[in-house]
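# Report on the structure
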Amino acid sequence: DSRNRNVTWDYNIYPYGERPMSGPHDIVADPMILRPSTDISISDFRLDKKSPALNAGTSSRHSDEDLTGRRRPKGKAVDMGAYESLQQGLFLLVR
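Summary of the structure given here.

The rules behind each value
- Residues numbered from 1 in each chain as written.
- Predicted model: local features only at pLDDT ≥ 70, side-chain atom pairs only at ≥ 80, totals over all residues.
- Heavy atoms only, no water.
- Helix = DSSP H or I, 4+ residues; strand = E, 2+ residues; numbered from the N terminus.
- Buried < 20%, exposed > 50% of the residue type's maximum accessible area, 1.4 Å probe, protein only.
- Contact = heavy atoms within 4.5 Å.
- Areas by Shrake-Rupley, 256 points an atom, 1.4 Å probe, with all protein chains shown as cover.
- Salt bridge = Lys/Arg side-chain N within 4 Å of Asp/Glu carboxyl O.
- Core = buried A, V, L, I, M, F, W, Y, C linked by side-chain atoms within 4.5 Å.
- Polar contact = N/O pair within 3.5 Å; in protein donor to acceptor, adjacent residues only side chain to side chain.

Further remarks concern the overall build of the protein chain. When you go through the protein chain residue by residue, the secondary structure sums to zero helices and four strands. Written out in order from the N terminus, the α and β elements of the protein chain read β-β-β-β. Evaluated residue by residue, the protein chain yields a buried proportion of 27% over its 95 residues. For the protein chain, restricting intrachain contacts to residue pairs at least 6 apart in sequence, the fraction spanning at least 24 positions comes to 27%. Accessible surface, the protein chain: about 6600 Å² in total, of which carbon and sulfur atoms supply 50%.

If you want it as structure tokens, here you go:
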């Protein structure tokens, strides 16, 4: 609900040691986003090829496509986040 009651927290990645909520599959680590920025002209929120978020998502609660329309998963599991890698460590940049 709007007060965050009865919410399941799971399959999240918390950067820099933060962990406001906790789920059994949550990760506390740098997500290794390629170019995080509030400036959309330079930002790139895809994951680095060494990101702990690659293949770390859940198969039970994900969309069939990423933000660019790419089918997911491409690896052994979906990637956490809005973008699915083509295969572990490879990405197609669409602008």
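Now that the structure is up, let's keep going.
Moving on, we get to the pattern of salt bridges. Under the counting rule described, the total for this entry stands at four salt bridges. For Asp-66, the salt bridge identified is with Arg-70, shortest N-O distance 3.1 Å. Like Asp-66, the residue Arg-70 is buried in the burial classification. Each member of the salt-bridge network shares a partner with another, and the members are Arg-35, Asp-44 and Arg-46.

What follows covers the environment of Ser-22. Topologically, Ser-22 is positioned in the loop between strand 1 (13-14) and strand 2 (27-28). As a C-alpha pair, Ser-22 and Thr-8 span 14 residues in sequence and 9.1 Å in three-dimensional space.

Next up on the list: the nonpolar core. Counting six residues, the largest nonpolar core is built from Ile-27, Leu-47, Ala-53, Leu-54, Ala-56 and Met-80. Filtering out sequence-adjacent residues up to four positions away, Met-80 remains in contact with Tyr-11, Asn-12, Ile-13, His-25, Ile-27, Leu-47, Ala-53, Ala-56 and Gly-57.

Quick look at the side chain of Asp-66 now. If you trace the backbone, Asp-66 turns up in the segment after strand 4 (44-47). What makes Asp-66 buried here is its relative accessible area of 6%. One polar contact links Asp-66 to Thr-68, side chain to side chain, over a distance of 2.7 Å. Polar side-chain contacts of Asp-66 include one of 2.9 Å to the backbone nitrogen of Glu-84.

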